[in-house]
Amino acid sequence: FFDMSINIKAYVTHYLDTTFYNLTTVSLHDWKTYGDMRNLAEQKYGLVMVEPQLPSQTLEQGLDVLEIMRNIHIFVANYCYNLNNQIFVERSSKAKFLSSINIRHIANSIRTHGTGIMNTTVNFTYQFLRKKFYIFSQFLYDEYIKARVMKEIRFYKEAKFELDQKYPYERADKFNKVIRKLGVSPDGLTYLDQFRILITQIGNAMGYIRMIRSGGLHCCSNAIRFVPDLDDIVTFEDMVGEDTFSEETKVSSKLFDSVIGNLSKNFSEGNEYFKLLVDVFAPVFRNPKNRHLQNFYMIIPPLTLNFVDYVMNAKDRMTKKNKQGAVFTDDGFSMGVAYILKLLDQYHAFDSLHWSASVIAKYQADLEKAQLSVKRGKDDEKLQQTVQLTKQRLDMFAKVCKEHADSVLCTHSLFAIGISTTTLLIEQCKDILQG
């Protein structure tokens, strides 16, 4: 134009580069749309455009891994874990909906920040668990709690053959009532309630680690799905070893092989984060100096009754207008119990209580009483309604107890060392379903 020459192609390329970059920074989840536009401009009009090098996100991004990692103490307190579906659901919210986090959200977040964020997350979780285990130790070291638990241990050792090697349900229920007499917090929580919440938060942290590992595998599988054969990966560095290729091509091939090799390793092996977190804490838990921790297995029965009562009340609130405190899943407690039993190597000690058999016997005895009441008061309508409600309550109690026992059993396999965790989990779950 007059004495100026304008390169229309360069001008349009620069304009599109600037526009795509600015719009992507505003909405990272639109990166794929602008990437398709960039490819279309290159194929249709031959425009060589610059990659924006911005982290990618999706509409399903959910809560970011970095945000959870920095506020893990808030996260484990405000979210409930579901063991079967591997999701976290918000406990309560001022909004009309509850937030949830699943494996896809974690995978998208890992793709945004890179796989290096996984090790950093495990390190943050380790620091969090250290603080929680200190409180855990302080509770069991308390003179009154320790004396009460030791009393139960002595009672069971002396009378276990008379009790048919079943720890009595009535003793666990009495333990709960005695602890309540010690006082409650301003929120109405007993000391045993607070201890249950502590174990639940520990279990939620471990559930989050499990989700991080699953999300990492999911992310790697999506990235490596275009590799034809993972068992026979062709190395491009060997193929471009001839002198006909430039030095830049050789360096690029070496970097490409490194990326593919890293993805293949992460996908095929993964990281045994559970084993790592067991190995780091187990020596401390099993140290003779921390002998008071060895009493933990005996406090599980009253803790279980406390947990079952909490779950039943929380599920009842689901059908009420005021849903404050309502939850439909909270497997963090089961995960926490299984993890601590593994650290203390007390699975056999807890199994020796035959607690599940004692709960079943109590359920059957109460059910027989209810059925007997029905026969005696056939003409009493109010009695019939009362008995019906009692039976429904008993059925719910048995269901929650079984779900908790099954969750602990399945979670036990996640901490098994030296055995394929996936195979063991499948086999144990098959036994549960057949039973």
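About the criteria used
- Residues numbered from 1 in each chain as written.
- Predicted model: local features only at pLDDT ≥ 70, side-chain atom pairs only at ≥ 80, totals over all residues.
- Heavy atoms only, no water.
- Helix = DSSP H or I, 4+ residues; strand = E, 2+ residues; numbered from the N terminus.
- Buried < 20%, exposed > 50% of the residue type's maximum accessible area, 1.4 Å probe, protein only.
- Contact = heavy atoms within 4.5 Å.
- Areas by Shrake-Rupley, 256 points an atom, 1.4 Å probe, with all protein chains shown as cover.
- Phe/Tyr/Trp six-rings, centres within 6.5 Å; stacked < 30°, edge-to-face > 60°.
- Lys NZ or Arg CZ within 6 Å of the ring centre and 35° of its normal.
- Core = buried A, V, L, I, M, F, W, Y, C linked by side-chain atoms within 4.5 Å.
- pLDDT = per-residue confidence, 0-100.
- Polar contact = N/O pair within 3.5 Å; in protein donor to acceptor, adjacent residues only side chain to side chain.
- Pairing = 2+ DSSP bridges.
- Patch = residues over 30% accessible without salt bridge, like charges linked within 9 Å, V, L, I, M, F, W, Y side chains within 5 Å.
- Salt bridge = Lys/Arg side-chain N within 4 Å of Asp/Glu carboxyl O.
- Expected span 1.5 Å × (residues − 1).
- Axes fitted to C-alpha atoms, helices over the stretch in contact; angles between N-to-C directions.
- Parallel < 35°, antiparallel > 145°, perpendicular 65-115°, else oblique.
- Nonpolar A, V, L, I, M, F, W, Y, C, P; charged D, E, K, R; others polar.

K.L.:
Tell me about the overall build of the protein, residues and numbers included.
P.N.:
Regarding its fold elements, the protein presents 18 helices and 3 strands. Counting only residues that meet the buried cut, the protein has 41% of its 435 residues in that class. Of the contacts formed within the protein by residues at least 6 apart in sequence, a portion of 74% connects residues at least 24 apart. Counting only carbon and sulfur atoms, one obtains 55% of the accessible surface of the protein, whose full area is about 25700 Å².

K.L.:
Hey, could you go over the packing of aromatic side chains for me, with residue numbers and the actual values?
P.N.:
Counted by the stated rule, this structure contains 19 aromatic pairs. On the basis of an interplanar angle of 45° and a centroid distance of 6.3 Å, the ring pair of Phe-307 and Tyr-310 is categorised as tilted. Note that Phe-307 and Tyr-310 are positioned in helix α13 (residues 296-316) at a spacing of 3 residues, about one turn of the helix. Both residues of the pair, Phe-307 and Tyr-310, count as buried. One aromatic cluster is present, formed by Tyr-126, Phe-133, Phe-136, Phe-139, Phe-195, Phe-281, Phe-285, Phe-296 and Tyr-339 through successive ring pairs. The ring of Phe-155 has Arg-171 sitting right over it, with the charged end atom 3.8 Å from the ring centre. Taking the ring centre of Tyr-310 as reference, the NZ or CZ of Arg-196 above it sits at 4.3 Å.

K.L.:
Any details on the nonpolar core? Residues and values, ideally.
P.N.:
With 88 residues, the main nonpolar core has Leu-129, Phe-133, Phe-136, Phe-195, Phe-296, Ile-299 and Tyr-339 as its most contacted residues. Filtering out sequence-adjacent residues up to four positions away, Phe-133 remains in contact with Ile-202, Phe-281, Phe-285, Tyr-339, Ile-340 and Leu-343.

K.L.:
Could you give an account of the confidence of the model for the protein, with specific residues and numbers?
P.N.:
On average, residues of the protein score 82 in pLDDT, and 89% of them are at 70 or above. Element-level pLDDT for the protein is lowest in helix α18 (residues 421-434), with a mean of 42, against a maximum mean of 93 in helix α14 (residues 332-344). A low-confidence stretch, residues 417-435 stays under pLDDT 50, and its non-local contacts, those more than four residues away or across chains, total 21 contacts.

K.L.:
Give a description of the side chain of Ser-137 that names residues and reports values.
P.N.:
By the element assignment, Ser-137 lies in helix α6 (residues 116-141). Here Ser-137 falls in the buried class, since its relative accessible area comes to 17%. Within polar-contact distance, the side chain of Ser-137 engages the side chain of His-292 at 2.9 Å. Those residues in contact with Ser-137 that sit more than four places away from it in its chain are His-292 and Leu-293.

K.L.:
Residue-level account of the sheet that holds strand β2 (residues 87-90), with values.
P.N.:
Pairing is antiparallel across the open sheet formed by 3 strands, whose spatial order is β1-β2-β3. Of all strands in the sheet, those with a lone pairing partner are β1 (79-82) and β3 (100-101), marking the two edges. Note: β2 against β3, 2 bridges, orientation antiparallel. What sits directly across from Phe-88, in β3, is Ile-101.

K.L.:
Kindly report on a nonpolar patch on the surface, identifying the contributing residues and their values.
P.N.:
Taken together, the side chains of Ile-6, Ile-8, Tyr-11, Val-12 and Tyr-15 present a nonpolar region at the surface, about 570 Å² in accessible area. By the secondary structure assignment, Tyr-11 is in helix α1 (residues 8-26). The exposed category is assigned to Tyr-11, whose relative accessible area is 58%.

K.L.:
Could you give an account of the pairing of β2, with specific residues and numbers?
P.N.:
Taken residue by residue, a regular strand's side chains alternate between the two faces of the sheet. In this sheet, β2 lies alongside β1 in antiparallel orientation, the contact comprising 4 bridges. When the bridges of β2 are listed, Cys-80 appears paired with Val-89. Taken together, β1 and the strand that follows it, β2, pair antiparallel across an intervening segment of 4 residues, in which Gln-86 is found at a positive phi of about 50°.

K.L.:
Hey, could you go over helix α2 (residues 31-45) for me, with residue numbers and the actual values?
P.N.:
In this model, α2 (15 residues) spans 21 Å end to end at C-alpha, consistent with the 21 Å of a helix rising 1.5 Å per residue. For α2, the secondary structure elements touched by its buried residues are α1. Following α2 by one or two positions, Gly-46 adopts a phi angle in the positive range, close to 70°.

K.L.:
With reference to specific residues and values, describe the packing of α6 against α14.
P.N.:
One can describe the packing of α6 onto α14 by two numbers: an axis separation of 14 Å at closest approach and a directional angle of 80°. Taken together, the axes of α6 and α14 are roughly perpendicular relative to one another. Only Tyr-339, Ile-340 and Leu-343 of α14 make contact with α6, whose side of the interface consists of Leu-129, Phe-133 and Phe-136. When the residues that make up the contact of α6 with α14 are grouped by side-chain class, the tally is 6 nonpolar, no polar and no charged.

K.L.:
Requested: an account of the environment of Met-69, with residues and values cited.
P.N.:
Locating Met-69 in the fold gives a position in helix α3 (residues 65-70). Residues Met-69 and Thr-121, spaced 52 residues apart in sequence, show a C-alpha to C-alpha distance of 5.8 Å. In this view, Met-69 contacts Ile-117, Thr-120, Thr-121, Phe-124 and Tyr-208; residues no more than four positions away in its chain are not counted.

K.L.:
A description of helix α9 (residues 191-223) should follow, citing residues and the corresponding values.
P.N.:
Compared with an ideal rise of 1.5 Å per residue, which puts 33 residues at 48 Å, α9 spans 48 Å between its outermost C-alpha atoms and is within 8% of the ideal. Of all 33 residues in α9, 24 are buried, a share of seventy percent or more.

K.L.:
Give me the pattern of salt bridges: which residues, what numbers.
P.N.:
This structure, assessed with the given rule, holds 10 salt bridges. Among the salt bridges present, the one from Asp-173 reaches Lys-177, with a minimum N-O distance of 3.5 Å. Of the two residues, Asp-173 and Lys-177 are both situated in helix α8 (residues 169-180); the distance of 4 residues between them amounts to about one turn of the helix. Connected through salt bridges with shared partners, the residues Arg-148, Glu-152 and Arg-171 form a single ionic network.

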